[in-house]
Amino acid sequence: MSVARAMELNFEIPSKNFLGMACKVCAFGTFNNAFTVFLFLCSCFCGFCDELAIVSVPLGFEISGVYRNTLVSQNGIFAFGFLEGCQKDDDVDGLLVGIRYNLGNDAANVPVWTVGGGLRVSRNSTIKLSMDGRLILFENLSGLIVWSSNTSTLGVERASLLNNGNLVLMGSGSNSLWESFNSPTNTLLPDQSLHFPQTLRAPSKKSISSYYNFVIRRSGELALVWESNVTYWRTHLGLSASTGEARFDADGVLGLIDDTNRTVWSAASKDFKDPSVSLRHLRMDSDGNLRIYSWDPQLHEWKVGWQAVENQCEVFGACGLYSLCRFNSTGPVCDCLHQDLVDQDIGLSAMDASSFGCKKMVDLGNCKMNTSMTVLQQTVLYGVYPPQDVDMMLSEKACRDYCSNDSTCIAATSKNDGSGLCTIKRTSFISGYRSLSAPAVSFLKVCLVPQAVSARRADPYLSKPIPMQSKGFIHHEGGKKKFVGAIALIVFVTVSAFLTIETLVFWFLYRRRQMKAQTRIPFGKYDQTNPHYSMLVSLTFEDVKELTANFSDKLGPTTYKGLLPNKLPVIAKMLNDVKANEKDFRLAISTLGGMHHRNLVPLKGFCFESSHRFVLYEYVQNGSLDKWLFNMEGEPNKQSWQQRLDIALGVARALAYLHSECQICVAHGNLKLENVLLDEKLVPKLTDFGLRSLLQKETASSSESLSEGDIYRFGEMLLQIVVYKRDVLGDNLRHLADNISEKLHIEDNMDAEVVERVVRVALWCLQEQPFLRPSIDEVMKVLEGTLSVDKPPLVFDFRQDQMDEPSN
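The numbering scheme is per chain: residues are counted from 1 as the chain's sequence reads. It should be noted that, the model being predicted, local features are given only for residues of pLDDT at least 70 and side-chain atom pairs only at 80 or more, the latter also being counted only at that level, while totals for whole chains, interfaces and linings use all residues. In computing side-chain values, all of the structure's heavy atoms are included and hydrogens and water are not.

- The name given to the chain in an unreviewed UniProt entry is Receptor-like serine/threonine-protein kinase, with the source organism recorded as Erythroxylum novogranatense.
- Turning to the chain, the UniProt record has this under Sequence similarities (unreviewed entry): "Belongs to the protein kinase superfamily. Ser/Thr protein kinase family."
- UniProt's Subcellular location (unreviewed entry) comment on the chain is quoted here verbatim: "Membrane". UniProt positions are given in the numbering used here, feature names are shortened, and annotations may be inferred rather than shown by experiment.

And the structure:
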């Protein structure tokens, strides 16, 4: 770097804080003459600088995503700055900002902490220690602050990257005011602890393992979980008292410490207390396993010293959907669960293929012949979506027979360890593992494939010759009695054959009449037998009338409750404003029917006729969110604040799935309280989603996309959830950014800091300019508490007059 470039920069750093060589981009301000001469000599001898180890930096220090300068610890082991995607399978765009090792090569320089838990930004971004004491990450062009340390009132004077990898903001007297060790992401360094409710979250990866977490529970138990409802590894302590922390030390020990500072559980690396090992860390990896890594200076690589799940195949969903994991000496190997793929003429969505390329199995409803059971020895299967299997106490044969006779059963696993446990899976989204030590046998229901056999000229049972001499009946003594007996036998056989034919004819006519009645509604094949039937069906208007009892149960202006022949309640929604042609409509419906998410209402069927268009959704029994929030008298139901926050988070996760996890971005297009339904456990489920977006018949305004309109409407919904008011867009919102806690009525069970964070992100969502609004992934992280948010602009315009609701 030239001296001229160094003189252009805009802040001061005392020369006593610089050690060693110079850095990749020396982004510093006004220097004294001695230091300028030092830079000049450095540039003469070594050209471009490699690294400048900075002990501490003052207010105004910044790191550019363009120039990629770094802040290095005094021992040179750790560096803070912009990071490239560090995983080979990481195909997500953008840069990370965080702390990494500084060991010489990309493979060794793994990240140990990231801003916002893995927040991605463009190269045209800057991380800066602002003059008010905040560490902020912002986009250069818009000036939008995407992350902040929220330390503006603490008296921060400088920042330091300590030799243990901890980034610390310090005040006067070198007292620590904020540190990265208090907000771990996916890694623990030596002497770093994990406290309830902190978690280590695996790095983002495009697979079903989007939410692998290492958690410490309130009871003190350590666990590895997938999302929030599947635990696949735990410490099994059974403690009654709360445990203080999980601590990782420099000797390679992960210990669980109780309130009396006593170690109640520990796990050690195999190189425990090895004096030749100087660097270690504990990391939650993207494959769902927790590992202790040790640095090998000879081989210049990280080695695994301990992992929580020894057999990687026992990690939930290790190989993805429709796959089978088996473990050998080289590691886990993934096989497809079944070789028969979906017919090529049937479209597959992104959810129909696992991360290892296995396709969705043929829907049992499409079997041209009957089904058969495939036996998988030493194999355990489990359902992924939803991961809720049904346990029964049955023998192995009874377990197989039960699944074979139950039309809703897709697969079953029988434990042969003496427990008699039989697990039934009623979802086609299944995975599993195979091991020589697995005391289980599984049964997978598949379509029966006819085998080619040689044609036979006659039935072998009828081709045997019957020895008979006709003369014997006449000339042999007693022949008359035999003759009468033969006549009686012939008459009996004839009558029996006649009655059998009559019975078959009657049965055929009865079945034909029954099938004719059933074909009017395509669900007839599984009538009263399969409440989980998931085949998307096409209906006529007459079918819809029959399902809804001639539209007798009206739930809304254009919605009616109905009942399928398989006793599954549904909602039929009339689409008055859809003007698309049949081809586009069917393509859009097919895309929506392939979407599966915990927070989306499943689509069951549709009707497309010249003057009638309907879509059928599964009925959700607790009704819409607006009815839950507001009672009939208009007084708010004082529901739990945590329940409302969980509902808002569920809606955000559904939008994130539609916007970024589907094969194409699908906007909801009609987000409002009435289109958020609650099930019996108050889990939110979005309905009426995506159709307008896919048909491209509606745009929210001339300056924004439908997905940007979703963000705006979600901000409005957040405020409605917080303040219990339907009409929240008005002049009074301009004052919320000044002092939210004084303007809002905070209930006893509401955390004022959390409420303020939720309202802040809601006001950011309501910005007039779409580019100022956060993405739904960022909103979701704010609601989860892994990403902070600044106050929105004090003065901005709401565009409520531009957000007319689409006609129902």
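**Looking at the sheet that holds strand E25 (residues 290-296)**
Then comes step 1: A pair of strands counts as paired when DSSP detects no fewer than two bridges linking them. By definition, any uninterrupted DSSP run of H or I lasting at least four residues is a helix, any uninterrupted run of E lasting at least two residues is a strand, and each is numbered from the N terminus. Taken in spatial order, the four strands make up an open sheet running E15-E24-E25-E26, and their pairing is antiparallel. Single-partner strands in this sheet number two, and they are strand E15 (187-188) and strand E26 (301-307).
Then comes step 2: Sheet analysis places E15 next to strand E24 (residues 280-284), joined by two bridges and oriented antiparallel. Across the sheet, the residue bridging to Thr187 is Arg283, located in E24.

**Here's the deal with unusual backbone geometry**
Then comes step 1: Look at the link from Phe196 to Pro197: it is a cis peptide, with omega at 5°.
Then comes step 2: Here Pro197 is to be found in the loop between strand E16 (192-194) and strand E17 (199-201).
Then comes step 3: At Asn261, a position not held by glycine, the phi torsion is positive, near 65°.
Then comes step 4: Within the secondary structure layout, Asn261 lies in the loop between strand E22 (253-258) and strand E23 (263-268).
Then comes step 5: The backbone of Lys273 sits at a positive phi, close to 60°, despite the residue not being glycine.
Then comes step 6: Summarising the element assignment, Lys273 is placed in the loop between E23 and E24.

**A few points about helix H11 (residues 706-723)**
Then comes step 1: Expected helix span is taken as 1.5 Å per residue step, with the number of steps being one fewer than the number of residues. The end-to-end C-alpha distance of H11, which contains 18 residues, comes to 26 Å, matching closely the 26 Å that a straight helix rising 1.5 Å per residue would cover.
Then comes step 2: Three exposure classes are used, based on accessible area relative to the maximum for each residue type with a 1.4 Å probe and protein chains only: buried under 20%, partly exposed in between, and exposed over 50%. Among the 18 residues in H11, 15 count as buried, and that is most of the element.
Then comes step 3: At the C-terminal side of H11, Tyr724 shows a positive phi close to 60°.

**Looking at the packing of helix H9 (residues 641-661) against helix H14 (residues 776-784)**
Then comes step 1: The axes are straight lines fitted to the C-alpha atoms, using for helices just the contacting stretch, and the angles between their N-to-C directions are given from 0 to 180°. Relative orientation of the contacting elements H9 and H14 amounts to 155°, with a least axis distance of 9 Å. Our classification of the angle between H9 and H14 gives roughly antiparallel. Handedness of the H9/H14 crossing: left-handed. Every residue of H14 that contacts H9 at Leu645, Ala648, Leu649, Ala652, Arg653, Leu655, Ala656, His659 and Ser660 is listed here: Ile776, Asp777, Met780, Leu783 and Glu784. Any angle between 65 and 115 degrees counts as roughly perpendicular, while under 35 counts as roughly parallel, over 145 as roughly antiparallel, and the rest as oblique. Crossing handedness: left-handed means the near helix sits turned counterclockwise from the far one by under a right angle, and right-handed means the same turn made clockwise. By the convention used here, residues are in contact when the closest approach between their heavy atoms is within 4.5 Å.

**Here's the deal with the UniProt feature "transmembrane region" (unreviewed entry) in the chain**
Then comes step 1: Listed under "transmembrane region" (unreviewed entry) in the UniProt record, and renumbered for this structure, are residues 483-510.
Then comes step 2: For residues 483-510, the helix share is 100%, the strand share is 0%, and the end-to-end C-alpha distance is 41 Å.

**A word on the state of the cysteines**
Then comes step 1: Cysteine sulfur atoms are paired as a disulfide whenever they fall within 2.5 Å. What the rule picks out here adds up to four disulfides.
Then comes step 2: The disulfide that involves Cys319 links it to Cys334, with 1.8 Å between the sulfurs. Residues Cys319 and Cys334 share a disulfide whose torsion about the S-S bond is about -75°; that sign makes it left-handed. Here Cys334 lies in strand E28 (residues 331-336) and Cys319 lies in the loop between E26 and strand E27 (323-328), a separation of 15 residues in the sequence.
Then comes step 3: In this structure Cys319 comes out as buried when scored by relative accessible area, which is 1%.
Then comes step 4: There is a disulfide in this structure between Cys399 and Cys422, and the S-S distance comes to 2.1 Å. Negative torsions about the S-S bond denote left-handed disulfides, and the value of about 70° found for Cys399 with Cys422 makes this one right-handed. Of the two residues, Cys399 is situated in helix H3 (residues 396-405) and Cys422 in strand E33 (residues 421-425); the sequence distance between them amounts to 23 residues.
Then comes step 5: The thiol of Cys665 is not disulfide-bonded; the next cysteine sulfur, from Cys662, is found 8.5 Å away.
Then comes step 6: The partly exposed category is assigned to Cys665, whose relative accessible area is 45%.

**Let's talk about helix H7 (residues 582-593)**
Then comes step 1: In this model, H7 (twelve residues) spans 16 Å end to end at C-alpha, consistent with the 16 Å of a helix rising 1.5 Å per residue.
Then comes step 2: Within the sequence span of H7, burial applies to Phe585, Ala588, Ile589 and Leu592. Projection of H7 onto a plane perpendicular to its axis shows the buried side chains occupying an angular sector of 100°, all on one side. Facing away from the buried side of H7 by more than 90 degrees, the exposed set consists of Lys583 and Leu587.
Then comes step 3: Where H7 is buried, its residues meet strand E39 (603-608), strand E40 (613-618) and helix H10 (691-695).
Then comes step 4: Counted as a polar contact is a pair of N or O atoms within 3.5 Å, where, for protein atoms, one must be capable of donating a hydrogen and the other of accepting one, and residues adjacent in sequence contribute only when both atoms are in side chains. Residue Asn581 occupies the N-cap position of H7, its side-chain oxygen lying 3.3 Å from the main-chain nitrogen of Lys583. In this description, the arc belongs to the directions extending from the helix axis to the C-beta atoms.

**What about the pairing of strand E11 (residues 145-148)?**
Then comes step 1: Bridge count between strand E10 (residues 135-139) and E11: three bridges; the pairing is antiparallel. Following the sheet pairing, Ile136 is matched in E11 by Ser148.

**Considerations on the confidence of the model for the chain**
Then comes step 1: Known as pLDDT, the predictor's confidence for each residue is given on a scale from 0 to 100. With 73% of its residues at a pLDDT of at least 70, the chain reaches an overall mean of 77.
Then comes step 2: Scored below 50 in pLDDT, residues 1-54 makes 96 contacts in the model with residues more than four places away or belonging to other chains.
Then comes step 3: Within the model, the stretch residues 795-808 combines pLDDT values under 50 with 42 contacts to residues more than four positions away or in other chains.

**What about the nonpolar core?**
When a protein is soluble and globular, its nonpolar side chains tend to lie buried together.
Then comes step 1: Grouped together as the largest cluster of nonpolar side chains are 110 residues, with contacts concentrated most on Phe80, Leu137, Trp147, Phe714 and Leu783.
Then comes step 2: The leading source of residues in this core is H9, at twelve residues.
Then comes step 3: Contact partners of Phe714, with chain neighbours within four places excluded, come to Ala648, Val651, Ala652, Leu655, Leu671, Ile776, Val779 and Leu783.
Then comes step 4: Among the nonpolar cores identified, the runner-up in size contains 40 residues, and Ala202, Leu224, Val315 and Tyr433 belong to it. Grouping buried Ala, Val, Leu, Ile, Met, Phe, Trp, Tyr and Cys residues that are joined through side-chain atoms within 4.5 Å yields what is termed a nonpolar core.

**Details of a nonpolar patch on the surface**
Then comes step 1: Two distance rules govern patches: like charges are joined within 9 Å, and nonpolar side chains (Val, Leu, Ile, Met, Phe, Trp, Tyr) within 5 Å, applied only to residues with over 30% relative accessible area and no salt bridge. Values of accessible area rely on a 1.4 Å probe in the Shrake-Rupley scheme; residue burial ignores everything except the protein chains shown. One side-chain nitrogen of Lys or Arg within 4 Å of one carboxyl oxygen of Asp or Glu is enough to make a salt bridge. Together, Phe483, Val484, Ile487, Ile490, Val491, Val495, Phe498 and Leu499 make up an exposed nonpolar region whose accessible area comes to about 760 Å².
Then comes step 2: Along the chain, Val491 turns up in helix H5 (residues 479-519).
Then comes step 3: Its relative accessible area of 47% is what places Val491 among the partly exposed residues.

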